[in-house]
Amino acid sequence: MKINIDQIKRYSRQVVLKNIGPIGQKKLLNSSVLVVGAGGLGSPVLIYLSGAGIGNIGIIDHDKVDISNLQRQILFESKDIKKYKAKTAFLRIKKINPDIKVKYFQKKLSIKNIKKIAKNFEIIVDGSDNFKTKFLINDYCVKNKKILVSAAINKYDGQVFTFNFKKKSPCLRCFFQTTPSNKILNCETDGIIGPIAGITGSIQANEVLKEVLKIEKSLCGNVLIINSLDLNFRKIKLNKRKSCVCNKI
């Protein structure tokens, strides 16, 4: 696949980077990423991945836009209230970059459909807001040796994980040794400051680009913990648990 003149102009600010160049841009254009959730995390992820030229993007979300989403879900506008997020996100990022292929799935991810939806994507980005879905994605990626970039946000805090199951990577269950209550991620009752979604989602997008390009040090094997009040970023080593699902496959 050759990069044409328009693409050279569009991606010129990253093509000029020594770790990317034309070869790296081709890798991005040939890559495929599924984004689960088009909300607070999925919005910045989709904006930056489409802008960077990820060639094939999938979006899955079953929710409709609510007025309370607009404080942090930057893909949407007031006119989008009551519209389905997946289709609205699809239309928006196609406007950002008509150069890429985008497919949306207006449904809830489940154990019955995850294989059919995710099988054609190399990297999965978890922007979901509940641990049932997070563990479903985690277990699928472990079993099928996918790269997973997962995150969670609450109040003023964010956590980012990168797992490369093509290697001997720990997984999300190594960090959460017991299943947390979904109340932990409840923005409705706990609240959330908008920029933490943007910060965390942007780091997820950055991790995806690094994994596609295979540049610099991967976050794999660590968890990045962000506190937006103290502006504190901590990277903590994550060890594989012997009894974990990622050691049984």
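Scroll up for the structure.
All values derive from a computational prediction rather than experimental measurement.

(A) Geometry of the environment of D63. Considering the arrangement of structural elements, one finds D63 in the loop between β2 (56–60) and α5 (85–96). Relative accessible area serves as the criterion here: at 31%, D63 is assigned to the partly exposed category. Excluding anything up to four places from it in sequence, D63 contacts K83, Y84 and K85. Looking at D63, its side chain comes within polar contact range of the side chain of H62, at 3.3 Å.

(B) Expanded view of unusual backbone geometry. Phi is positive for K145, which is not a glycine, with a value near 55°. Within the fold, K145 resides in the loop between α7 (131–144) and β5 (147–154). With a phi angle near 55°, K155 is a residue other than glycine that sits in the positive phi range. Within the secondary structure, K155 sits in the loop between β5 and β6 (157–164). The class for K155 is partly exposed, based on a relative accessible area of 39%.

(C) Highlighting the nonpolar core. Ranked by internal contacts, the top residues of the largest apolar core, which has 34 residues, are V33, L46, L49, I54, I57, I59 and V208. At five residues, helix α10 (residues 194–213) tops the list of elements feeding residues into this core. Ignoring any residue separated from it by four or fewer positions in sequence, one finds L49 in contact with V33, V35, I54, I57, A205, V208 and L209.

(D) Here's a closer look at the pattern of salt bridges. Tallying each qualifying case throughout the model produces seven salt bridges. For E77, the salt bridge identified is with R92, shortest N-O distance 3.7 Å. Placement of the pair is E77 in the loop between β2 and α5 and R92 in helix α5, with a sequence separation of 15 residues. Its relative accessible area of 38% is what places E77 among the partly exposed residues. Here the salt bridges do not stand alone but share partners, grouping E77, K79, D80, K83 and R92 into one network.

(E) How the structure looks around α7. Between its terminal C-alpha atoms α7 stretches 20 Å, which fits the 20 Å expected from 14 residues at 1.5 Å a residue. Burial within α7 is extensive, with ten of its 14 residues counted as buried. Looking at α7, one finds that the buried residues are F131, T133, K134, F135, L136, I137, N138, Y140, C141 and V142. Those residues of α7 that are buried lie in contact with β1 (32–36), α6 (114–118), β4 (123–126), β5 and α8 (172–175). The distance from a side-chain oxygen at the start of α7 to the backbone nitrogen of K132 is 3.3 Å, and the residue carrying that oxygen is N130.

Cut-offs applied
- Numbers given to residues run from 1 along each chain, matching the order in which its sequence is written.
- It should be noted that, the model being predicted, local features are given only for residues of pLDDT at least 70 and side-chain atom pairs only at 80 or more, the latter also being counted only at that level, while totals for whole chains, interfaces and linings use all residues.
- By convention in this description, side-chain values take in all heavy atoms of the structure and omit both hydrogens and water.
- Numbering of helices and strands starts at the N terminus; helices are DSSP runs of H or I of at least 4 residues and strands are runs of E of at least 2.
- A 1.4 Å probe rolled over the protein chains alone gives each residue an accessible area, and that area as a share of the maximum for its type sets the label: buried under 20%, exposed over 50%, partly exposed in between.
- Every residue pair with non-hydrogen atoms within 4.5 Å of one another is taken to be in contact.
- Two N or O atoms form a polar contact when they lie within 3.5 Å of each other; inside protein one atom must be a possible hydrogen donor and the other a possible acceptor, and for residues adjacent in sequence the pair counts only when both atoms belong to side chains.
- The set of buried Ala, Val, Leu, Ile, Met, Phe, Trp, Tyr and Cys residues whose side-chain atoms join them within 4.5 Å is what this entry labels a nonpolar core.
- For salt bridges, the criterion is a side-chain nitrogen of Lys or Arg within 4 Å of an Asp or Glu carboxyl oxygen.
- One less than the residue count of a helix, multiplied by 1.5 Å, gives the span that helix is expected to have.

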